[in-house]
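# Examining the three-dimensional arrangement
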Amino acid sequence: MCGIVGAVAERNITAILVEGLKRLEYRGYDSAGLAVFNNAGVLERRRRVGKVSELEQALAGEPLAGRLGIAHTRWATHGAPSERNAHPHFSGSDLAVVHNGIIENHEALRKQLQGLGYVFSSDTDTEVIVHLLDHKLKALGDLTVALKATVKDLHGAYGLAVISAKQPDRLLAARSGSPLVIGLGLGENFLASDQLALRQVTDRFMYLEEGDIAEIRRDSVQIWSVDGQPVVRESVQYHEGAEAADKGEYRHFMLKEIHEQPKVVQRTLEGRLGTDHVLVQAFGPQAAELFAKVQNVQIVACGTSFHAGMVARYWLEELAGIPSQVEVASEFRYRKVVVQPGTLFVSISQSGETADTLAALRNGKAKGPDNGGYLASLAICNVGISSLVRESDLTLLTQAGPEIGVASTKAFTTQLVALMLLTLSLGQVRGTLAKGVEAELVEELRRLPTRLGEALAMDGTVEKIAELFAEKHHALFLGRGAQYPVAMEGALKLKEISYIHAEAYPAGELKHGPLALVDADMPVVTVAPNNELLEKLKSNLQEVRARGGELIVFADGEANMSNGEGTHVVNMPHISDALAPILYTLPLQLLSYYVAVLRGTDVDQPRNLAKSVTVE
Ligand code: G6P
């Protein structure tokens, strides 16, 4: 995921831009660059492949000073990571643009612009924007007016920052599908793709909304909404600690990270959704071509990430019609695996450094596709600079931000979102998913952050239920279908942080063994969305009640389940069956959290466990 920083000020802004880029680095990048309107009145650019420190070194050797500038860290989608493909992109010597997102109609625009005599110097989709803007600017004369006209011709997702040597009084921004925030200073203003990049210069922010265009000057900000009308966006004071590596208002990192989920799920979706479809290029420049050849998917991961893979198997088979297997990396890496032709190797990892997952990837890559090996490798990962990402052919970064609590929470739900995007992309490219179904799920995904917020509002109810577990030594988690891995994740959370022995079973397996354990000392937790398995699940629950087991059921409001003797029902917001695993994970995270707090364990750093397991 790329990063954008921009500034217009009275002072030299180069160091501010570089510091901003550094703060965005954890998201992933392969090159960095900036363009500054220098004190001699010339637009000057520096670009480097690799870390922001490379760019910093280049600037140390050849300093650059000015009061207006834009900067970018790039995560390649169109065109290899190279200096010529790094942003900012120029049209002539006076106009510079940086861009997050993907322009879907870039080929058509490129042909059109070449016809008008524009010569392209990169392989990026972004370069069409800057030439198109230049073309419009020549006709219209004013940079802001020209930008408004330009974005009308762009299809896809973008967050844009623009400067011109001809009108150096302003920094322009446009947002559609990729976030942008304006940082408000005194006699100076800033722009970034994430407020994190600007925390060193201001604590007042103004968030652009979808379709907004902004003209940012040193002492004023003017915004137009998608319909061209001037609008005022509220400015908000940012309270220190809400996002930085401290707990802010929360008692533990885990609780803070649980509550961050609506926001980070939103981030994971940004720039990846078109109007009614997933933007397949989000997986990398060769994704569409590779996905068309996929006949089978092999998922490999550890721990919580493995559970995300288990959910994805249901989705891939049911929605995209692709045979899929999922296995824990520590087993997979030592198995003599027979690879089906056309198999995509998918690794899932929060850290991207888990030794077993990395080893599985390396083994998988040992043989090429023509030698009985995998078609290609895809990493779903939260750390852009990790080994897993560097060594995989394709990547989709989750945008969970740094996760500090050892028990994974927001990393899991963002992995699920990424895996849903993968499912929809494969179904789309292979033609196995009806367009209408994709459009519906894209709509549902857009609504997901709100649903997650509603589920988190039940925090207090779950805290009360946790009291039932405080003195218990064992617990059972039940689920059916794609909720079975959710039950597994719920049991893992409880084990990890409260040290209560917990097991998860597919509800239908209950009578094949675990029912023998059920008595009044064994609480049974169940997730029950309203789907075709609900009635069967209800019968399974009767089996528990008949043995005196206490039931805790997280159920769809329409599932008609009610509280009764030994049965505690928590009504969940309604959600489509496909996305239910993401929503139903939240109360289970909260439950384990509050049980652990009651038992007084070390929630954020449970005994014997590590956040990143880089040894076998
Ligand atoms: C450790 C962590 C877990 C995590 C697992 C896999 O066990 O404690 O929370 O799920 O590693 O880590 P990864 O970074 O590959 O997702």
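Note that the structure is predicted; figures quoted are calculated from it, not measured.

### Some remarks on the overall build of the protein chain
- Counting secondary structure elements, the protein chain contains 18 helices and 25 strands.
- Viewed in the frame of its principal axes, the protein chain has a C-alpha envelope of about 80 × 55 × 45 Å.
- Split into buried and exposed, the 616 residues of the protein chain put 62% on the buried side.
- The long-range share in the protein chain, meaning contacts at least 24 apart out of those at least 6 apart in sequence, stands at 71%.
- Here the protein chain has roughly 23200 Å² of accessible surface; of this, 49% comes from carbon and sulfur atoms.
- Side chains of the protein chain carry 60 positive and 74 negative charges; the gap between the two charge centres is 3 Å.

### A few points about the site of the ligand
- The environment of the ligand is made up of 13 residues, and the closest members are S305, S349, Q350, S351 and T354.
- Within the contact set of the ligand, an oxygen atom lies 3.0 Å away from a backbone nitrogen or oxygen of T304.
- Alone, the ligand offers 380 Å² of accessible surface; in the complex the protein occludes 89% of this.
- Per-element accounting of the shell around the ligand gives the leading share, 3 residues, to helix α9 (residues 303-318).
- Looking at the shell around the ligand, its residues break down into 4 nonpolar, 8 polar and 1 charged.

### Quick notes on the packing of aromatic side chains
- For the structure shown, the criterion picks out 4 aromatic pairs.
- Summarising the aromatic geometry, the rings of F332 and F345 are spaced 5.9 Å apart at their centres and angled 55° between planes, so their arrangement reads as tilted. With F332 in helix α10 (residues 329-332) and F345 in strand β18 (residues 343-349), the pair connects residues that are 13 residues apart, well separated along the chain.
- Taking relative accessible area as the criterion, F345 reaches 1% and is therefore assigned buried.
- On the basis of an interplanar angle of 75° and a centroid distance of 5.0 Å, the ring pair of Y593 and Y594 is categorised as edge-to-face. Both residues of the pair, Y593 and Y594, count as buried.
- Of the aromatic side chains, those joined through ring pairs into one cluster are F332, F345 and Y374.

### Focus on the UniProt feature "domain: SIS" (unreviewed entry) in the protein chain
- Here the UniProt feature "domain: SIS" (unreviewed entry) sits at residues 287-432 and 465-606.
- As annotated, residues 465-606 has a helix share of 35% and a strand share of 20%, and its two end C-alpha atoms lie 22 Å apart.

### Side note on the packing of α9 against helix α13 (residues 410-430)
- Put simply, α9 and α13 touch, their axes get as near as 9 Å, and they point 30° apart. It follows that α9 is roughly parallel to α13 by the angle criterion. The chirality of how α9 crosses α13 is right-handed. Between α9, through T304, S305, H307, A308, G309, V311, A312, W315 and L316, and α13, the contact on the second element is made entirely by F412, Q415, L416, L419, M420, T423 and L426.
- Tallied by class, the residues present in the contact of α9 with α13 amount to 10 nonpolar, 6 polar and no charged.

What counts and how
Residues numbered from 1 in each chain as written. Predicted model: local features only at pLDDT ≥ 70, side-chain atom pairs only at ≥ 80, totals over all residues. Heavy atoms only, no water. Helix = DSSP H or I, 4+ residues; strand = E, 2+ residues; numbered from the N terminus. Buried < 20%, exposed > 50% of the residue type's maximum accessible area, 1.4 Å probe, protein only. Contact = heavy atoms within 4.5 Å. Areas by Shrake-Rupley, 256 points an atom, 1.4 Å probe, with all protein chains shown as cover. Lys, Arg positive; Asp, Glu negative; His and termini not counted. Charge placed at Lys NZ, Arg CZ, Asp CG, Glu CD. Near = heavy atom within 4 Å. Polar contact = N/O pair within 3.5 Å; in protein donor to acceptor, adjacent residues only side chain to side chain. Nonpolar A, V, L, I, M, F, W, Y, C, P; charged D, E, K, R; others polar. Phe/Tyr/Trp six-rings, centres within 6.5 Å; stacked < 30°, edge-to-face > 60°. UniProt positions renumbered as here; feature names shortened; annotations may be inferred. Axes fitted to C-alpha atoms, helices over the stretch in contact; angles between N-to-C directions. Parallel < 35°, antiparallel > 145°, perpendicular 65-115°, else oblique. Left-handed = near helix turned anticlockwise from the far one by under 90°.

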